[in-house]
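# What the coordinates show
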Amino acid sequence: MKEIDTKPSRSAQRYHLGLRVQLPGGSGLTRDVSTGGVYLQTDQTYHLDSQIDFMLEFGTMEHTPPIHVRCHARIVRIEPRGDHIGIAAVITSVVFA
């Protein structure tokens, strides 16, 4: 009998979060975020395997400013999604702003 591999295929847990994303020349919204990557939707055009810089905005409690996280990433997948584009990117560096 063949053994079935039940290990998860992802190296980091994904969190379904709708965070605002500031991009050069535009903006977007995340769908999934993990410690190693992000999936976001935007109306900006990007190319597969290109480098991208963006800032994630984590909301906080009332009367507290949001937390901004600057990220540098490599685009690993692009998906046309109607009037938006879905982008999956592997994060290569993070700086808390």
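Report follows, based on the coordinates.

### What to know about the nonpolar core
- Ranked by internal contacts, the top residues of the largest apolar core, which has 17 residues, are L23, V38, I52 and F54.
- Among the elements of the structure, strand 1 (20-23), strand 3 (37-42), strand 4 (51-58), strand 5 (67-81) and strand 6 (84-96) are those that each provide at least two residues to this core.
- In this structure, F54 is in contact with V21, Q22, L23, V38, V69, R70, C71, A73 and I91, ignoring residues within four places of it in sequence.

### Looking at the side chain of Q44
- Mapping Q44 onto the fold places it in the loop between strand 3 and strand 4.
- From its side chain, Q44 meets the backbone oxygen of G25 in a polar contact 3.2 Å long.
- One polar contact links Q44 to D43, side chain to side chain, over a distance of 3.1 Å.
- Those residues in contact with Q44 that sit more than four places away from it in its chain are L23, P24, G25, G26 and I85.

### What about the pairing of strand 1?
- A one-sided burial pattern is seen for strand 1, the buried positions being V21 and L23 and the unburied ones R20 and Q22.
- In terms of strand pairing, strand 1 meets strand 2 (residues 26-33) through 4 bridges, oriented antiparallel. Residue R20 lies in a different strand from strand 2, and its bridge partner there is L29.
- The turn joining strand 1 and strand 2, which pair antiparallel and follow one another in sequence, is formed by 2 residues; a positive phi near 80° is taken by G25.
- By the bridge criterion, 3 bridges tie strand 1 to strand 4 in an arrangement that is antiparallel. When the bridges of strand 4 are listed, R20 appears paired with E57.

### Describing the packing of aromatic side chains
- In the structure shown here, the tally under the stated rule is 0 aromatic pairs.
- Over the aromatic face of Y39 sits the side chain of R31, whose NZ or CZ is 3.9 Å from the ring centroid.

### A look at a nonpolar patch on the surface
- Among the surface-exposed residues, I67, V94 and F96 lie close enough to one another that they form a single nonpolar patch of about 310 Å² accessible area.
- Positionally, F96 belongs in strand 6.
- The exposed category is assigned to F96, whose relative accessible area is 64%.

Conventions adopted
Residues numbered from 1 in each chain as written. Predicted model: local features only at pLDDT ≥ 70, side-chain atom pairs only at ≥ 80, totals over all residues. Heavy atoms only, no water. Core = buried A, V, L, I, M, F, W, Y, C linked by side-chain atoms within 4.5 Å. Buried < 20%, exposed > 50% of the residue type's maximum accessible area, 1.4 Å probe, protein only. Helix = DSSP H or I, 4+ residues; strand = E, 2+ residues; numbered from the N terminus. Contact = heavy atoms within 4.5 Å. Polar contact = N/O pair within 3.5 Å; in protein donor to acceptor, adjacent residues only side chain to side chain. Pairing = 2+ DSSP bridges. Phe/Tyr/Trp six-rings, centres within 6.5 Å; stacked < 30°, edge-to-face > 60°. Lys NZ or Arg CZ within 6 Å of the ring centre and 35° of its normal. Patch = residues over 30% accessible without salt bridge, like charges linked within 9 Å, V, L, I, M, F, W, Y side chains within 5 Å. Areas by Shrake-Rupley, 256 points an atom, 1.4 Å probe, with all protein chains shown as cover. Salt bridge = Lys/Arg side-chain N within 4 Å of Asp/Glu carboxyl O.

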